[in-house]
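# A closer look at the structure
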2 protein chains.
Amino acid sequence: MNKNIGIIGLGNVGEAVVESLNRYSALISRRSSLELKIKKVCDISRGKKVIADKFRLPFTCDPYEIIDDPQIDIIVELIGGIEPARTIILKALDRRKNVVTANKALLATSGKHIFSVAQKRKRRVGFEASVCGAIPLIKSTSEGLVGCEVSKIYGILNGTTNYILYKMRQENIDFSCALKEVQERGLAEKKPDLDIKGIDTLHKLCILTYLYYGLWPDLKAIHTEGISKISLLDIQYAQELEYRIKLLAIAKKGKSSLELRVHPTLVSVEHPLSHVSLNYNAVYYHTQPAGELLFFGEGAGGKPTSASIISDIVSIASGNKGFVRNAEKVRLKDFKNVETRFYIRCLALDSPGVLAEVSKILASYDISIASVNQKERKEGKFVPIVMLSHKVKEDNMEKALKKIDSLKVIKRPSQIIRIEDL
Amino acid sequence: MNKNIGIIGLGNVGEAVVESLNRYSALISRRSSLELKIKKVCDISRGKKVIADKFRLPFTCDPYEIIDDPQIDIIVELIGGIEPARTIILKALDRRKNVVTANKALLATSGKHIFSVAQKRKRRVGFEASVCGAIPLIKSTSEGLVGCEVSKIYGILNGTTNYILYKMRQENIDFSCALKEVQERGLAEKKPDLDIKGIDTLHKLCILTYLYYGLWPDLKAIHTEGISKISLLDIQYAQELEYRIKLLAIAKKGKSSLELRVHPTLVSVEHPLSHVSLNYNAVYYHTQPAGELLFFGEGAGGKPTSASIISDIVSIASGNKGFVRNAEKVRLKDFKNVETRFYIRCLALDSPGVLAEVSKILASYDISIASVNQKERKEGKFVPIVMLSHKVKEDNMEKALKKIDSLKVIKRPSQIIRIEDL
C-alpha cells in the first residue's frame, strides 16, 4: 500500500525524519507492507532547500502547498512552538489529513481543542515523539497497558536538566557551571528557561495526563519547580544519604483525585530511576495489574526522535485505530494538601540551642523528623543542618520554613527538596 | 464491537486473565470501544470449575468445545508446555481462530511452524506474554521500533535466576542456599532446571530473535550457561570490581552474522541493567536510529502477565495488523569465534611463581590481562587470583583454561565469567 507524506519543518527532527525514512524504507516496507513516500517537504526558510535537494524531494516554503495537496495522506508537523503550528494542524485536520507531531508545547496548551477536532473529523493525531523522544512510550502504554490502571507516574522527562544534575554530581561543580558546560555541548538552549524552570517537563506531564486520565489539566494549577536552586551542597548531602536528585514529573491518582507536580526530588540510589544518567529520559509506572514498569531511552535529538515519528506514520498508514481517551472523573488535588517527605537543609549559626529552636518550629507544625545530620563542615560561621522528615502536608512545611527563615541564627533561604519513596 | 474469547488453561495466568478481564472490562471498552466477552473457559482438571463458577462462566474439560465453537473469535492458550498446547493452537488456526499465547517453550521449539500456519490462514498469533511477562516489549519494539535496526540486545529474561543472584549478593549466601529461599517463596519451581540452567532464558532469546531478525534459531546451536556454578566468592569479587553478575541473553547483529548466547555476565554498576533487582526482568537495546533503550518490569506472575494477554486480545480484536517478519540474511556466528572480555578467578597454592605460570599460559593464547588482583584472603592454603582480560576469542580462552587447570598449583575448576561493556 502506498502512502504519501508531507513534512512541514526541516529543523533537526525534520531533517532526521527525511533521512531515516530514506535509509530505512526497505526495512519499513518489509515489516509493514507499506510504501511510504515523502511527497513534499516544507520549511519557511529557503536555505533548507539543500535538504530537499539532497534527497531529490520537492520543496516549498508554503505549508498550504502540502496541506492542500489531495494526494498527501499524512502531514508531519515539526515546526515546534504554538503558531503557525497550531493553525497548520487544525487546517490539516479540516482537510481530512491525519497528523503526526512532536510538538509538546502546543499539545500541552491546545491539545484539548486539537484532539476534539481530530475526533470530529475522524482523523488521528500521532504524538509519540512529543514525550521522551525515542522511547515508544505512548504506544507501549496506551496500547500495551490498555487493560491497566496507572496509579502513579514518575518521569524524568527532560534530558537537559537531567544532564545538568548528572554533571553537578559527577564533577562536583555548581549549577551555573554545569549549565554552561551543557550549553557548550549543545545540549541546552542559550535561553534555557523552558528546560531549567521545569516548563518542558510540565508540558510532557500534561500530555501523559491526557494519555492515562483523558483530561488536559490547567498548566497554572500544577506546582512546577525547576532545578536552578539546587546547590552542589544538596547534591553532596543527597549522595551521602544514599539518594540522588532528579527533576521528576509526578502523577498520583487517588479514588477521585489526581495529584500532579513537577519538582526536584530525592530518589533512593536503590531505585533504577536514580541511575538514569546523562541526558536520558525515563518513566517509572505503578499499574494494576501489570505492576511496576520502567521505560528508558533518549529523550531528544533528531535521529532518535525520528524513530517515534516513523512509528506514528506506520501506525496511521496501517489503519490501526487510535485509542479513545474519555476523561476520568477526577479533580486535581490542591497542592497545599499534598503530603510528601522532605529533605530540609538549613545553614545555622554555630551557637548552642539552634537545633532546639528549629526543631521546636517543626514540631509546632506537626513535622516529625526521621533523621538529623548536623555537620562540622563550616561555611563561614554557618553550619549546615540536614534533616529528613516523615510525611508532611505542603501547607505545614511552607509555614514552618517561613518561620525557620525568620530566625536570626539562620542564613536564608533554607532549602527544601521533596523525597519520593518509589 | 463484540468479541468472544475462549480461554484454555486455568492455571495462575489463566485465572488472572479471567479476573482482569472481569475487573477492567469497563476500562477496556471505554478505551478500545470493544466489548470483550469470555464465552467459555477450559481446563483439563475439573477442580478448576470453581474459577468458572466464581465468574459465572461456562466451563468444559474439552478444549475442542472451545476450538470448535463458531462464535469464539480468539483462543487464549495458557496450558504451557509442548503438548497438547501445540496441537490445540494449530487446530485453532485451522479453524480460522486468532490465537493468544504465553507459551515460550512451545514458540521456541515450534514457532516456525505455528507462524507459517498462521500466515497461511491469515490469522494472528499474539505472544506478548511469552517474553518478560507484563512488559509490553513485543508491541513496543515491533511496532514502536518498526523503522529501527536492532543491533544489540541484552536481556534479563528470567526472574527466578535474577532473584537468586540478587539474594546471594544481598545476604552473602551461596547459590544452593539462595535457591532454597527462593523456592520457599514460591518464586522457583521444585524442579528448577529450566530456569537455573538458562533454558527458559534461551527460549525467550529465540522469540526475540524471531521478532527482530525474522528467524528461528536452532536451540542447540546457542551457547547456554546457567547460574549454578556462580559462587558467592565471584559475587563478592564482582562487587569489589564494581560489577554485578546477571544472567543475560545476548544478541549482536553484524553485517551478515548474528551472535546469540546465554550466560552469566559481569555488568558495570554504572549501567542501569545492573540495578534490575529482585525478580524483575529488563531488556537493553542498541538500535538505529532510536539509540539505546531499556524496558523494565515484572517478568512473571498471573496478574502482571494478564495485562499482556489482554493487550494482545485488544490488538487482535481491534483488527490491527500484525507485522511481517521476513528472515534477514544472517548466519549464526560460531561460538568459538565470539570475542568477549573475561573475569577469570583461579584458586592457587600460595607459592612463589604461580602468577607467573598462569600469566605465561594466558599470554601464549594471546590473552591480554587488564587487571590482576591477588588476594590475601585464604581458602585453606589456596589464594584466589582474580583477573580481568581484554577481548579474547572463546576458543583461546577455553584452551588456556584447560591448561591452567592442569597446573598442580591450581585448585580446579577455575572460574570464568564473561564481561559485557554495555
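Residues numbered from 1 in each chain as written. Chains lettered and ligands numbered in written order. Predicted model: local features only at pLDDT ≥ 70, side-chain atom pairs only at ≥ 80, totals over all residues. Heavy atoms only, no water.

All names here are of chain B. The six strands are arranged β3-β2-β1-β4-β5-β6 in an open sheet whose pairing can be described as parallel. Strand pairing shows two members of the sheet lacking a second neighbour, β3 (59–60) and β6 (125–126), which therefore form its edges. Its contacts with the sheet place helix α5 (residues 85–94) against β1 (2–8), β4 (74–77), β5 (98–101) and β6, and it is angled at close to 155° to β5. (Pairing = 2+ DSSP bridges. Helix = DSSP H or I, 4+ residues; strand = E, 2+ residues; numbered from the N terminus. Contact = heavy atoms within 4.5 Å. Axes fitted to C-alpha atoms, helices over the stretch in contact; angles between N-to-C directions.)

Before going further, it helps to examine the confidence of the model for chain A. When pLDDT is averaged along chain A, the result is 95, and 99% of the positions lie at 70 or above. Listed scores for the predicted complex are pTM 0.95 and ipTM 0.95. (pLDDT = per-residue confidence, 0-100.)

Moving on: the interface of chain A and chain B. The interface of chain A with chain B comprises 51 residues on the first partner and 51 residues on the second. Buried area between chain A and chain B, both sides added, is near 4600 Å², and the carbon and sulfur share of it is 57%. When residues of chain A are sorted by the area they lose upon contact with chain B, Arg31(A), Pro289(A) and Phe296(A) head the list and together hold 15% of the total. If you look at where chain A meets chain B, you find four salt bridges. For Lys139(B), the salt bridge identified is with Glu143(A), shortest N-O distance 3.0 Å. Breaking the side of chain A that touches chain B down by element, the ones donating at least two residues are α2 (25–32), α7 (137–142), β11 (280–288), β12 (291–298) and α13 (302–317) of chain A. Considering each element in turn, the side of chain A that touches chain B owes the most residues, eight residues, to β12(A). Here the residues of the side of chain A that touches chain B are counted per class, giving 26 nonpolar, 15 polar and ten charged. (Buried area = accessible area lost by both parts, 1.4 Å probe. Salt bridge = Lys/Arg side-chain N within 4 Å of Asp/Glu carboxyl O. Nonpolar A, V, L, I, M, F, W, Y, C, P; charged D, E, K, R; others polar.)

Residues and elements named next belong to chain A. Here the structure, examined in full by the defined rule, presents zero disulfides over all chains. Summary of cysteine pairing: Cys61 is not part of a disulfide, and the nearest cysteine sulfur, belonging to Cys42, is at 6.8 Å. A relative accessible area of 25% means that Cys61 is categorised as partly exposed. Not engaged in a disulfide, the cysteine Cys206 finds its nearest cysteine sulfur in Cys132; these two sulfurs lie 14 Å apart. (Disulfide = S-S within 2.5 Å. Buried < 20%, exposed > 50% of the residue type's maximum accessible area, 1.4 Å probe, protein only.)

On to the environment of Glu181(A). Residue and element names in this part refer to chain A. Looking at where Glu181 falls in the secondary structure, it is placed in helix α9 (residues 175–184). Separated by 47 residues in sequence, Glu181 and Ala134 have C-alpha atoms that sit 24 Å apart. If we ignore the near neighbours within four places in the chain, the residues touching Glu181 are Lys167, Glu171 and Ile173. Separated by 2.9 Å, the side chains of Glu181 and Lys167 make a polar contact. (Polar contact = N/O pair within 3.5 Å; in protein donor to acceptor, adjacent residues only side chain to side chain.)

Bringing the sheet that holds strand β6 (residues 125–126) of chain A into the picture now. Residue and element names in this part refer to chain A. Ordered in space as β3-β2-β1-β4-β5-β6, the six strands form an open sheet in which the pairing is parallel. Each edge of the sheet is formed by a strand with only one pairing partner; in this case those strands are β3 (59–60) and β6. Both strand β1 (residues 2–8) and strand β4 (residues 74–77) contribute to a ladder of four bridges, which runs parallel. By the bridge assignment for β4, Ile5 is matched with Ile74. Those strands touched by helix α1 (residues 12–23) are β1 and β2 (35–42), and its axis lies near 150° from that of β2. Across the sheet, α13 touches β1, β2, β4, β5 (98–101) and β6, and the angle it forms with β5 is around 165°.

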